[in-house]
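Coordinates in review
The lines below spell out each chain.
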Amino acid sequence: MEHKLNIYNTLSRKKELFIPLNSPYVGMYVCGPTVYGDGHLGHARPAITFDLLFRYLKHLGYKVRYVRNITDVGHLENDADEGEDKIAKKARLEQLEPMEVVQYYLNRYHKAMEALNVLPPSIEPHASGHIIEQIEYIKKILDAGYAYISDGSVYFDVEKYNKDYHYGKLSGRNIDELLNTTRALDGQQEKRNSVDFALWKKASPEHIMRWPSPWSNGFPGWHLECSAMGTKYLGEEFDIHGGGMDLLFPHHECEIAQSVAAQGKETVHYWMHNNMITINGQKMGKSLGNFITLDQFFTGDHKLLSQPFSPMTIRFFILQAHYRSTLDFSNDALIAAEKAYQRLSEGWENLNKIIPGTDSTVDIKNLREKCYEAMNDDLSSPIVISYLFDAVRIINTILSGKASINETDLEELKEIFQTFMFDILGLKVENSTTGNASNEAYEKAVDLLLDVRQEAKNHKDWQTADFIRSLKTVQRVEVLPYHTLGLFKWQKLGIPYPLPDAVPPTAEQVKRAEELLEVNRYPG
């Protein structure tokens, strides 16, 4: 390919030139969510990070098979080998079938990803749909001598594996330290060593999700699904495996051990990890109870949020930091991201207002090249964004009449925005007309109700008039947007302002509302 992409390989701890195994084809596997609750900001970061990589690889001309799994079985509480399955627990508490839980939250996850403009993967396999493949994978590890059966469960023998290979090469963990520091957990008497991990767990009588196997009725260990499904869809060796930094150990470390034990060689050539999103320096996560769901961001319905934030604000917030840097959440940081993204969007809109001249007094000849250099340097999206803001300053200078641009340079500038802002960064201009259209629809609906109510009053049909006045569509503020004109309509209707703790409109706002009512002859 023309552009040489360098990516940071967690395994080698350095940036490496990306050379696919079988160019122009690229195999990429990314760990997806465990679907037992709504997606939160911590889920959005890996999704957007690897969406950026997916988009850029395709832009460079590679034919990418992107596999992102769905964990719907085997992920136990505290990421351990003992305890209750996270999804089964949710199902028990909600009195649902486990797959009802999975489907409900998976639908909501997909909806959130679509809102964030995250492209769907090529394949999205479920762990529960690949039990046969996981059983066959365990058999290979047993045959190689790196696993043992204990009371119907199968465990990976980490200490024996480490004598032949290196357990801890990805995370930098030392097995001797692990053996000395790993705490004993209930039920671990089945294991030879505390660091051994489950490949297959015998199901206890109360465990809902279970399958037959040569060893017991049970379920696969959490680490196994990615090894089995990655191999099935991408082959015994593939290019990229990605995920959050929190998965580096033990999950990805165990994956490496499993693949080497089963196949005699490593599967993945480039390991990529996005860093964590934190709140007050602590990792955001469901298990810690400090997360904010994506829906809460979109609606503003959380005590830490002062307002709703659009999906593109969230996407921009994540992309303005390099994927390997820690990103600390705060309401102020999101407000700043919102303002910055509005400036970038306005820059694009202003670009389309420019009428070219005959000469250019601005220099944009290296802008495209600099954006590519940033992307090729381990997906440096913050640098690309900074160059786009340089372009916004050029656009504003042209619009102010202090500079000029010819047609060729104008088209180049438009192509740069289209390529990097939209195609690669995956941002979208959240057109204000969308919100206006929605508000307008609400306005028309309320106007129609008011017309009908007034007609009923004219005919002294008090029952109909009172019924319309009682409708939630008329009474509740979330249906009628609370801009100034809307506020005044409440007053004209004689209905108390519906938010007791809200600030009432000022005299100036009321006066402006009266003017609007007079001009537009709104019913009252």
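Residues numbered from 1 in each chain as written. Predicted model: local features only at pLDDT ≥ 70, side-chain atom pairs only at ≥ 80, totals over all residues. Heavy atoms only, no water.

**What about the overall build of the protein chain?**
Filter applied, for reference: Going along the chain from the N terminus, every DSSP run of H or I of four or more residues is numbered as a helix, and every run of E of two or more is numbered as a strand. In this scheme, a residue with accessible area under 20% of its type's maximum is buried, one over 50% is exposed, and one in between is partly exposed, where area comes from a 1.4 Å probe on protein chains only. By the convention used here, residues are in contact when the closest approach between their heavy atoms is within 4.5 Å. What sets the accessible areas is the Shrake-Rupley method with a 1.4 Å probe; for residues, cover comes only from the shown protein chains.
Broken down by element type, the protein chain carries 19 helices and 13 strands. The buried share of the protein chain, taken over its 524 residues, is 51%. Excluding contacts between residues fewer than 6 apart, the proportion of contacts in the protein chain whose partners are at least 24 apart in sequence is 74%. Counting only carbon and sulfur atoms, one obtains 48% of the accessible surface of the protein chain, whose full area is about 24,800 Å².

**Section: the pairing of strand E1 (residues 6-9)**
As a reminder, the rule being used: For two strands to be treated as a pair, DSSP must find no fewer than two bridges joining them.
On E1, burial follows the alternation: Ile7 and Asn9 on one face are buried, whereas Asn6 and Tyr8 on the facing-out side are not. Hairpin connection, E1 to strand E2 (residues 14-17): the antiparallel pair is bridged by four residues, and arginine 13 has positive phi, about 60°.

**Observations concerning the sheet that holds strand E8 (residues 218-220)**
For clarity, the threshold we go by: Axis definition: a line fitted to C-alpha atoms, limited for helices to the stretch in contact. Angles are taken between N-to-C directions and run from 0 to 180 degrees.
The strand order across the open sheet formed by four strands is E5-E6-E7-E8, and the pairing between neighbours is antiparallel. Of all the strands in the sheet, the pair left with one neighbour each is strand E5 (147-150) and E8. Strand-to-strand twist across the sheet, computed as the mean angle between neighbouring axes with direction ignored, equals 20°. Bridge count between strand E6 (residues 153-156) and strand E7 (residues 197-202): three bridges; the pairing is antiparallel. Considered in E7, the bridge of phenylalanine 156 is made with phenylalanine 197. Contacts between helix H4 (residues 131-144) and the sheet are confined to E5, E6, E7 and E8, with E7 contributing the most and set at about 120° to the helix.

**Concerning the environment of glycine 168**
Tracing the backbone through its elements, the reader meets glycine 168 in the loop between helix H5 (158-164) and helix H6 (175-181). The buried category is assigned to glycine 168, whose relative accessible area is 1%. Along the chain, glycine 168 and glutamate 253 lie 85 residues apart, while their C-alpha atoms are 6.4 Å from each other. Ignoring sequence-local partners within four residues, the contact set of glycine 168 consists of Arg173 and Glu253.

**Describing the confidence of the model for the protein chain**
Formally: Confidence of the prediction at every residue is given by pLDDT, a number between 0 and 100.
In this model, the protein chain carries a mean pLDDT of 85, and residues with pLDDT of at least 70 account for 81%. Predicted confidence is poor over residues 472-504, with pLDDT under 50, and the contacts of this stretch with residues over four places away or in other chains come to 61 contacts. In this model residues 513-524 is a low-confidence stretch, pLDDT under 50, and it forms 20 contacts with partners more than four residues away in sequence or in other chains.

**Considering the packing of helix H10 (residues 311-319) against helix H11 (residues 331-351)**
Our working definition: Orientation categories follow fixed angle ranges, with anything under 35 degrees roughly parallel, anything over 145 roughly antiparallel, 65 to 115 roughly perpendicular, and all other angles oblique. For this classification, Asp, Glu, Lys and Arg are treated as charged, while Ala, Val, Leu, Ile, Met, Phe, Trp, Tyr, Cys and Pro are nonpolar and the rest, including Gly, are polar.
Put simply, H10 and H11 touch, their axes get as near as 9 Å, and they point 100° apart. By the angle between their axes, H10 is roughly perpendicular relative to H11. Across from Met312, Thr313, Ile314, Phe316 and Phe317 in H10, the residues of H11 making contact are Ala333, Leu334, Ala337, Glu338, Ala340, Tyr341 and Leu344. Residues that form the contact of H10 with H11 fall into these classes: ten nonpolar, one polar and one charged.

**A word on the pattern of salt bridges**
Selection criterion: One speaks of a salt bridge when a side-chain nitrogen belonging to Lys or Arg is within 4 Å of a carboxyl oxygen belonging to Asp or Glu.
Applying the stated rule across the entire model yields 20 salt bridges. Linking glutamate 190 and lysine 201 is a salt bridge whose minimum nitrogen-to-oxygen distance equals 3.7 Å. Of the two residues, glutamate 190 is situated in the loop between H6 and E7 and lysine 201 in strand E7; the sequence distance between them amounts to eleven residues. Salt bridges here are not isolated pairs; linked through shared partners, they connect Asp38, Arg108 and Asp295.

**Some thoughts on the side chain of serine 380**
Put simply, the test is: Polar contacts, as used here, are pairs of N or O atoms within 3.5 Å; protein pairs need one atom able to donate a hydrogen and one able to accept it. Residues neighboring in sequence count only if both atoms are side-chain atoms.
Relative to the helices and strands, serine 380 is located in the loop between helix H12 (367-376) and helix H13 (381-399). Of the polar contacts made by the side chain of serine 380, one reaches the backbone oxygen of aspartate 377; its length is 2.7 Å. What serine 380 contacts, discounting residues up to four positions off in sequence, is His322, Ala374 and Met375.

**Looking at the side chain of asparagine 331**
Of note, asparagine 331 is situated in helix H11. Side-chain polar atoms of asparagine 331 contact the side chain of serine 306, separated by 2.8 Å. Those residues in contact with asparagine 331 that lie beyond four places of it in its chain are Leu304, Leu305, Ser306 and Phe309.

**A look at H12**
Of the positions making up H12, those classed as buried are Leu367, Cys371, Tyr372, Ala374, Met375 and Asn376. Looking one or two residues beyond H12, the residue adopting positive phi is aspartate 378, at roughly 60°.

**Considerations on the sheet that holds strand E10 (residues 268-274)**
Taking strand neighbours across the sheet as the criterion, the four strands line up as E4-E3-E9-E10 in an open arrangement whose pairing is parallel. The sheet is open, and its two edges are formed by strand E4 (63-68) and E10, each paired on a single side. With strand direction ignored, the average angle separating the axes of adjacent strands in the sheet is 20°. As paired strands, strand E3 (residues 25-30) and E4 are joined by six bridges and run parallel to one another.

**So, the pairing of strand E9 (residues 238-244)**
So the rule is basically this: A clockwise course of the path from the first strand over the helix to the second, judged with the strands pointing away from the viewer, identifies a crossover as right-handed.
Extensive coverage of E9 is indicated by the burial of seven of its seven residues. As paired elements, E3 and E9 share three bridges and run parallel to each other. Following the sheet pairing, methionine 28 is matched in E9 by isoleucine 240. Both E9 and E10 contribute to a ladder of six bridges, which runs parallel. Of the residues in E10, the one forming a bridge with histidine 241 is tryptophan 271. Between E9 and its parallel partner E10, the chain crosses via helix H8 (residues 248-263), and the hand of that crossover is right-handed.

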